[in-house]
Amino acid sequence: MARQIYLDSYGDAGVIVSLRLVNELAPSAERHRDIVASILAFDPSSLAAFRRQQIPGFVSLSMRLRGVIHHLLEEDLEAAAGVLNEMLAEHPAHPHLAKEDGRWRLHHHPADAQLVPMYVSICAEALARMIGEGLVDRFGRCEAKGCDILFFDTSKNGTRRFCSTTCQSRTKTAVFRQRQRASGRS
Ligand SMILES: [Zn+2]
């Protein structure tokens, strides 16, 4: 059944953070500090707690998540679940109520939790939830040539093929040119 999937709760932010870590924070990437800061910017208290010493922890989290998402793309749920269970056992969630601006909010962890373990837990739980909800086929890899960006398809019919409209139109143009060449025109 076709349905629109919304990633708007704090837990689902874990899916977005996971994908951004995998896509943007490769060990070979430059300016790791800026990348992590831009990923954490959605949560001001995380951003405030971010220190340079935590960068290797985020890079290693990115590598682990990359492994999990590759297992998901290969439909090897056993392998993905194995890694996620390891991560969840190492750093379990620690739900915590905190009063902010006069309103109670349920957080995944207390505000003073260590940042990297907290994100290991947030990301692992978010991906685990996608498996539990039968949404594994919503993970995809961009089909544009030379682009291997991973995404989570929230569209209604779940037929997304590209990471962006840029990759989509680049591919369409390439296919169009190829057809023109094949039909003998230039
Ligand atoms: Zn792409």
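Residues numbered from 1 in each chain as written. Predicted model: local features only at pLDDT ≥ 70, side-chain atom pairs only at ≥ 80, totals over all residues. Heavy atoms only, no water.

Of the regular secondary structure elements, the protein chain holds seven helices and four strands. Walking the protein chain from its N terminus toward its C terminus, one meets helices and strands in the order α-α-α-α-α-β-β-α-β-β-α. When its C-alpha atoms are laid out on the principal axes, the protein chain stretches across 65 × 40 × 35 Å. The 186 residues of the protein chain split such that 34% are buried. Across the protein chain, contacts joining residues at least 24 apart in sequence account for 52% of those joining residues at least 6 apart. Split by element, the accessible area of the protein chain, about 11200 Å² in all, is 51% carbon and sulfur. (Helix = DSSP H or I, 4+ residues; strand = E, 2+ residues; numbered from the N terminus. Buried < 20%, exposed > 50% of the residue type's maximum accessible area, 1.4 Å probe, protein only. Contact = heavy atoms within 4.5 Å. Areas by Shrake-Rupley, 256 points an atom, 1.4 Å probe, with all protein chains shown as cover.)

Right, let's talk about the coordination of the zinc ion for a bit. Within the first shell, the zinc ion binds the protein through Cys-142 (SG), Cys-147 (SG), Cys-163 (SG) and Cys-167 (SG), at distances of 2.3 Å. Each of the four donor atoms bound to the zinc ion contributes to angles spanning 104 to 115°, and the resulting shape is tetrahedral. Counting the intervening residues between successive donors of the zinc ion yields the motif C-x4-C-x15-C-x3-C. (Donors = N, O, S within 2.8 Å, 3.2 Å for Na, K, Ca; no water. Tetrahedral: all angles 85-135°; square planar, octahedral: opposite > 155°, others 65-115°.)

Two elements in contact, helix α4 (residues 55-73) and helix α5 (residues 77-90), have axes whose closest approach is 7 Å; the angle formed by their N-to-C orientations is 150°. Put simply, α4 runs roughly antiparallel to α5. For the crossing formed where α4 meets α5, the hand is left-handed. Along the contact surface, α4 presents Leu-61, Arg-64, Leu-65, Val-68, His-71 and Leu-72, while α5 presents Leu-77, Ala-79, Ala-80, Val-83, Leu-84, Glu-86, Met-87 and Glu-90. For the contact of α4 with α5, the residue count by class is 10 nonpolar, one polar and three charged. (Axes fitted to C-alpha atoms, helices over the stretch in contact; angles between N-to-C directions. Parallel < 35°, antiparallel > 145°, perpendicular 65-115°, else oblique. Left-handed = near helix turned anticlockwise from the far one by under 90°. Nonpolar A, V, L, I, M, F, W, Y, C, P; charged D, E, K, R; others polar.)

For the rest of this paragraph, the subject is the layout of surface pockets. Put simply, the largest pocket is a space of about 190 Å³. Looking at the largest pocket, it is lined by 17 residues, and the ones nearest its centre are Ser-45, His-107, His-109, Pro-110 and Ala-111. Space inside the second largest pocket adds up to approximately 150 Å³. Lining of the second largest pocket is provided by Ala-144, Lys-145, Arg-170, Thr-171, Ala-174, Val-175, Gln-178 and Arg-181. Per-class residue counts for the lining of the second largest pocket are three nonpolar, two polar and three charged. (1 Å grid on protein atoms, 1.4 Å probe; cavity = no way out; pocket = protein on both sides within 12 Å on 5 of 7 lines; lining within 4 Å. Points joined across faces, edges and corners; volume = space filled by probe spheres on them.)

Right, let's talk about the pattern of salt bridges for a bit. A complete count under the given rule lists eight salt bridges for this structure. Here Glu-125 and Arg-129 are joined by a salt bridge, their closest N and O atoms 3.0 Å apart. Pair noted here: Glu-125 and Arg-129 are both in helix α6 (residues 115-132), with a separation of four residues, about one helical turn. Of the residues examined, Glu-125 reaches a relative accessible area of 24% and is grouped as partly exposed. (Salt bridge = Lys/Arg side-chain N within 4 Å of Asp/Glu carboxyl O.)

Next up on the list: the nonpolar core. Leu-21, Phe-58, Leu-61, Leu-65, Tyr-119 and Phe-139 are the most contacted members of the largest nonpolar core, which totals 38 residues. For this core, the secondary structure elements donating two or more residues are α1 (10-24), α2 (32-40), α4, α5, α6 and β4 (150-152). Leave out the neighbours within four places in its chain, and Leu-65 touches Ser-18, Leu-21, Val-22, Met-87, Cys-123 and Leu-127. With five residues, the next largest nonpolar core counts Cys-142, Cys-147, Phe-162 and Cys-167 among its residues. (Core = buried A, V, L, I, M, F, W, Y, C linked by side-chain atoms within 4.5 Å.)

The next subject is unusual backbone geometry. You will see that Glu-75, though not glycine, has its phi angle at about 60°, which is positive. Looking at the secondary structure, you find Glu-75 in the loop between α4 and α5. The residue Asp-101 is not glycine, and still its phi comes out positive at about 50°. The topology assignment puts Asp-101 in the loop between β1 (96-100) and β2 (103-107). On the accessibility criterion, Asp-101 (83% relative accessible area) is exposed.

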